[in-house]
Amino acid sequence: MSDKPHLLTQEQDGILIVTLNRPDKLNALSAETMALFEAALLRFRDTAALRVMLIRANGRYFSAGADLKSGDAPAYPRTPSGIRENHRLNLNGMQRIYDEMEHVEKPIVCAIHATCVGGGLEMALSCDFRLAARSAAFSFPEGLFGVLPASNGVSRLTRICGPHWARWLIMGNQKADADRALIMGLVHDVLPDEGFDEAALAFCLHLTRQNPEQMGAAKIAIELANEVGPSMGRHVERMANSALMLNPAYLEGMERYLKGVGGQKD
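Residues numbered from 1 in each chain as written. Predicted model: local features only at pLDDT ≥ 70, side-chain atom pairs only at ≥ 80, totals over all residues. Heavy atoms only, no water.

Pairing geometry for strand β1 (residues 7–12) and strand β2 (residues 15–20), over six bridges, is antiparallel. Its bridge partner being in β2, leucine 8 is matched across the sheet by threonine 19. Between β1 and β2, which pair antiparallel and follow one another directly, the connecting turn spans two residues, one of which, aspartate 13, has a positive phi of 55°. (Pairing = 2+ DSSP bridges. Helix = DSSP H or I, 4+ residues; strand = E, 2+ residues; numbered from the N terminus.)

Written out as structure tokens, the structure reads:
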């Protein structure tokens, strides 16, 4: 058994880089992995100097999903209500952690270099941005066992890609390569395998240069607008800007911009 940590973290230029590190187990998400990941997520949330979180992985898989073979998972309850509560409260905290990823008012980027399935795909769906290498592939194998993705896979996939593609992956039990994932809206961009890590890091560096108040407000406003519809969504826009436009950084930036446009330079 490997004594290497299941998760690695490092800080670079305002980016918290989190790396799944069980290549011999195809980065299956163990109890240790999820505990370390949650600690990293909370550190990212609570550290002002950390502006972006980047999730990536070592080895020939991004993640094979939840670790079903380690023996550290408790026995499943034998009643429907018990199973429902187990999904909500246990499963190494996946539902709680993935919800917190959506609630953190900072951008989280997932760089998927290879096969990403099950719980690993649910982790990726919980991020704000998903970048795929040409070699990436995606699926929900839960259908092989006659069940559904248990940690928000159905809800998030449907919200992001729509019911059309949710049926394809979940009911149809189909796989998606990187190009199909881009068509589906599952990933934002597909990049060459060569130089993929560098390209993902460059995107994160770009995000660190954005205004953090705008980032946080945008993350909330986009989710709200998606839920409430276009009419109420415009109220969300107005409410968010009523605070952002009083931000000294905005006022100073607009003053510099207007002086530059008008040819009046200091």
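So much for the structure itself; the text now carries on.
Moving on to the sheet that holds strand β4 (residues 61–63). Pairing is mixed across the open sheet formed by four strands, whose spatial order is β4-β6-β8-β9. Lying at the two open borders of the sheet, with one neighbouring strand each, are β4 and β9 (176–177). Summarising the sheet, β4 and strand β6 (residues 115–117) pair through two bridges and their orientation is parallel. Each residue of the ladder has a partner; that of tyrosine 61, found in β6, is threonine 115. Strands β4, β6 and β8 (137–139) of the sheet are contacted by helix α4 (residues 118–125), whose axis makes an angle of about 90° with β6. (Contact = heavy atoms within 4.5 Å. Axes fitted to C-alpha atoms, helices over the stretch in contact; angles between N-to-C directions.)

A cluster of nonpolar side chains, contributed by Leu144, Phe145 and Val147, occupies part of the molecular surface with about 360 Å² of accessible area. If you trace the backbone, phenylalanine 145 turns up in the loop between β8 and α5 (153–171). Residue phenylalanine 145 is classed as exposed on the basis of its relative accessible area of 64%. (Patch = residues over 30% accessible without salt bridge, like charges linked within 9 Å, V, L, I, M, F, W, Y side chains within 5 Å. Areas by Shrake-Rupley, 256 points an atom, 1.4 Å probe, with all protein chains shown as cover. Salt bridge = Lys/Arg side-chain N within 4 Å of Asp/Glu carboxyl O. Buried < 20%, exposed > 50% of the residue type's maximum accessible area, 1.4 Å probe, protein only.)

Turning next to helix α7 (residues 196–208). Compared with the 18 Å implied by 1.5 Å per residue over 13 residues, the 19 Å span of α7 between its first and last C-alpha is a close match. Within α7, the full set of buried residues consists of Phe196, Ala200, Leu201, Cys204, Leu207 and Thr208. Mapping the buried residues of α7 onto a view down its axis gives an arc of 130°, with all of them on the same face. (Expected span 1.5 Å × (residues − 1). Arc of directions from axis to C-beta.)

This part takes up the nonpolar core. Grouped together as the largest cluster of nonpolar side chains are 46 residues, with contacts concentrated most on Phe37, Ile55, Met101, Phe138, Leu157 and Leu186. Of all the secondary-structure elements, those providing two or more residues to this core are β2, α1 (31–46), β3 (52–57), α3 (94–103), β5 (108–112), α4, α5 and α6 (178–184). By residue number, the principal contributor to this core is α5, which donates six residues. Val52, Leu131, Leu201 and Leu207 belong to the second-largest nonpolar core, a separate cluster that totals 15 residues. (Core = buried A, V, L, I, M, F, W, Y, C linked by side-chain atoms within 4.5 Å.)

Attention now goes to the pairing of β3. Counting buried residues along β3, six of its six residues qualify, which places the element largely inside the surrounding structure. Alignment of β2 against β3, held across six bridges, turns out to be parallel. Its bridge partner lying in β3, leucine 20 is registered against alanine 57. Considered for its hand, the β-α-β crossover made up of β2, α1 and β3 is right-handed. (Right-handed = clockwise from strand over helix to strand, strands pointing away.)

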